[in-house]
Amino acid sequence: MAKPEHKLDLEQPKKHNNLLTIPLVKKFIQSRWYPGIFQWMGMGVFAVIVFQLVIGTVDPHNNFGISMTWVLWWPMIPIIFIALGRFWCAVCPFGKTSDIVRKLVGKERPMPKFLKKYGIWLIDLSFILITWGDHIWGVVESPRGSGYLLLGLFTMVVITSVFYERRTFCKTLCFLGGLAGNYSRAGMLELRGTPDICRTCKTQECFKGNEKTEGCPMFQFVRTMDTSADCNLCGNCVKTCPNDSIRISVRKPTKELWFIKNPRLEHAFLAMVIMGIVFVQNMTMLEFWENVLAGIGAVTGTSLYVVNFTIAFIIAMIIPIMLMWITAKVTVSVDTSSSLRDNFIRYGYAIIPLDLAGHIGHNLFHLLTEGKAVWFNTVALFGIEMTGDIAITSDESVRIGQYVIIGLGLIGSLYSVYRIGHKKPASKLWPFYFIMILFAVLNFILFSLPMDHRVH
């Protein structure tokens, strides 16, 4: 299984690649200002957003909360994940709220065994349900709906923080958690311990914390951590480590995907589902979407949107799963050393770069063709009225950018297949190369068609 090569690729980065060797960076992360300064700024903006969503104008095109949440924040999230890993989770208002509630009234009970076992599946399910609910109730285009969604999540954060230790909500219930974990695996930043130093550590303060700083809020032992999926880059371990073992390094995008030690079905499942969700979200913005619903309605015998959309939504999620299963099965026939289950799960991670590309490409349309709405609605808070074209650039320019992004995502997925397959010849991996190209082509086709704008 090419073990020597595996060890070579996982060797520790050179010292100059450790950002903590930069005195200013290390001092800042070890200080009380990090990540607090970003957290409190985020809390302030979050408060204004929720107030505007719940109390402000019901016109989504002129609501500050809508433009900040869905035109700016949501498109930027996948870009943040690939550039900085789960840094957003370190500064998220929900995470900071959890810290405050636990400090004031938290009972600090251990995380329930049910959540430990099924938390990732619950995250997958919550992401699917929230995405489905948006299309059914129009949450994204409704200030009140968006506000109530955020308040509902905020309430869940408070309740779980009262009863359970650390960031139980973030770890096992946050709808963004699964997305953050999967995307961060393809990210360019990682936090790890130095094995030779961690091996002799007796204090385990990175996990337990000390009198000044709490232990890892995401329940991670830096000594054994080999993934960025659950690391928020909060800096707690940097503050508490007594041996100067922690490093934060820049790495090649997608590198973590090449050597997943314990691939899990729920992670691969979410990667496949996200591909289907991106497809259906793009389709809902196209002219032929009504024809799709009419076709489903002819079969179901009803024109109810909730019924016909739900069927379309389920089919869109099932298609990538079925295609990957078929591909895994075909691969067994050309590579008898592999197994159906292992192929299905392990190569499911190779979809993540294309997921990222599809997500970024879809939301790039909103960001660049509706982006000025963020500025217009921001200055409106101060009584300054501005009108005009809200597009930052033309639809044609956005489309070119989408093609480039999908192309990069395809390269990332193809190379991930190659590395996950331990550099096997194309004759043994061609089914997975083919399916990645197919997913990319479908994205190219959808992005080539005119899309409706959400904000006018």
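Preceding block: the structure.
The sections below set out a description of the structure shown in this document. (Residues numbered from 1 in each chain as written. Predicted model: local features only at pLDDT ≥ 70, side-chain atom pairs only at ≥ 80, totals over all residues. Heavy atoms only, no water.)

For the protein chain, the count of helices and strands is 21 helices and two strands. Against the compact-globule benchmark of 23 Å for 456 residues, the protein chain has a radius of gyration of 23 Å, which places it among compact chains. Based on the C-alpha atoms only, the size of the protein chain along its principal axes is roughly 65 × 65 × 40 Å. Evaluated residue by residue, the protein chain yields a buried proportion of 52% over its 456 residues. Contacts in the protein chain between residues far apart in sequence, at least 24 positions, make up 81% of those at least 6 positions apart. Total accessible area on the protein chain is roughly 21,400 Å²; 67% of this is exposed by carbon and sulfur atoms. In the protein chain, the 44 positive side-chain charges and the 31 negative ones have mean positions that sit 12 Å from each other. (Helix = DSSP H or I, 4+ residues; strand = E, 2+ residues; numbered from the N terminus. Rg over C-alpha atoms; globule rule 2.2 N^0.38 Å. Buried < 20%, exposed > 50% of the residue type's maximum accessible area, 1.4 Å probe, protein only. Contact = heavy atoms within 4.5 Å. Areas by Shrake-Rupley, 256 points an atom, 1.4 Å probe, with all protein chains shown as cover. Lys, Arg positive; Asp, Glu negative; His and termini not counted. Charge placed at Lys NZ, Arg CZ, Asp CG, Glu CD.)

So, about the packing of aromatic side chains. Evaluated as defined, the whole model comprises 27 aromatic pairs. Relative to phenylalanine 259, the ring of tryptophan 258 has its centre 6.3 Å away and its plane inclined at 75 degrees; by these criteria the two rings are edge-to-face. For the pair tryptophan 258 and phenylalanine 259, one class covers both residues: buried. A ring pair is formed by tyrosine 347 and phenylalanine 432, whose centres lie 4.2 Å apart and whose planes are at 15 degrees; its orientation type is stacked. Pair noted here: tyrosine 347 is in the loop between α17 (340-346) and α18 (352-370) and phenylalanine 432 is in helix α21 (residues 426-448), with a separation of 85 residues, a long-range link. Aromatic rings pair up to connect Phe28, Tyr34, Phe38 and Phe87 into one cluster. (Phe/Tyr/Trp six-rings, centres within 6.5 Å; stacked < 30°, edge-to-face > 60°.)

What follows concerns the side chain of arginine 185. Its place among the elements puts arginine 185 in helix α10 (residues 175-185). Under the relative-accessibility criterion, arginine 185 is labelled buried at 6%.

What follows is about helix α3 (residues 36-55). Helix length check: α3, at 20 residues, gives a terminal C-alpha distance of 28 Å against a target of 28 Å (1.5 Å per residue), a fit within 8%. Within the span of α3, buried status applies to Gly36, Gln39, Met43, Phe46, Ile49, Val50, Gln52 and Leu53. Packed against the buried residues of α3 are α4 (64-84), α5 (87-91), α6 (93-105) and α8 (143-163). (Expected span 1.5 Å × (residues − 1).)

We now examine α4. When the terminal C-alpha atoms of α4 are compared, their 26 Å separation across 21 residues is substantially less than the 30 Å that a helix rising 1.5 Å per residue should span. Where α4 bends most, at tryptophan 73, the angle is about 40 degrees, and the proline proline 75 comes one to four residues later. Among the residues trailing α4, glycine 85 stands out with phi positive, at a value near 65 degrees. (Bend = angle between axes of the 7 residues up to and from the residue.)

Attention now moves to the environment of leucine 446. Tracing the backbone shows leucine 446 in helix α21. Once the C-alpha coordinates of leucine 446 and proline 93 are considered, the two residues, 353 residues apart in sequence, prove to be 35 Å apart. Not counting residues within four places of it along the chain, the set of residues in contact with leucine 446 comprises Phe279, Asn282, Met283, Leu286, Phe288 and Met451.

Another point: the packing of α18 against α21. Contact geometry for α18 and α21: axes closest at 11 Å, N-to-C directions at 5 degrees. In terms of orientation, α18 lies roughly parallel with respect to α21. Across the interface between the two elements, Leu354, Gly358, Gly361 and His362 of α18 pack against Met436, Phe439, Ala440, Asn443 and Phe447 of α21. Classifying every residue of the contact of α18 with α21 gives five nonpolar, four polar and no charged. (Axes fitted to C-alpha atoms, helices over the stretch in contact; angles between N-to-C directions. Parallel < 35°, antiparallel > 145°, perpendicular 65-115°, else oblique. Nonpolar A, V, L, I, M, F, W, Y, C, P; charged D, E, K, R; others polar.)

It is worth spelling out the nonpolar core at this point. Within the largest apolar cluster, 114 residues are counted, with the highest numbers of intra-cluster contacts made by Leu176, Leu191, Met324, Met436 and Phe439. The greatest single-element share of this core, amounting to twelve residues, is contributed by helix α14 (residues 265-283). Those residues in contact with methionine 436 that sit more than four places away from it in its chain are Met324, Tyr347, Ala350, Ile351, Leu354, Leu410, Ser413, Leu414 and Val417. (Core = buried A, V, L, I, M, F, W, Y, C linked by side-chain atoms within 4.5 Å.)

Where α3 contacts α6, the axes come no closer than 9 Å and their chain directions differ by 110 degrees. Accordingly, the angle class assigned to the pair α3 and α6 is roughly perpendicular. In this structure, α3 uses Gln39, Trp40, Gly42, Met43 and Phe46 to contact α6, whose residues at the interface are Pro93, Phe94, Lys96, Thr97, Asp99 and Ile100. Here the contact of α3 with α6 is built from residues that sort into six nonpolar, three polar and two charged.

With that out of the way, let us pick up unusual backbone geometry. Note the cis peptide between tyrosine 34 and proline 35, where omega equals -5 degrees. Positionally, proline 35 belongs in the loop between α2 (23-30) and α3. The backbone of arginine 166 sits at a positive phi, close to 45 degrees, despite the residue not being glycine. Counting through the fold element by element, arginine 166 comes out in the loop between α8 and α9 (168-172). Note on arginine 166: relative accessible area 11%, which makes it buried. The residue histidine 422 is not glycine, and still its phi comes out positive at about 55 degrees. When you line up the elements, histidine 422 lands in the loop between α20 (395-420) and α21.

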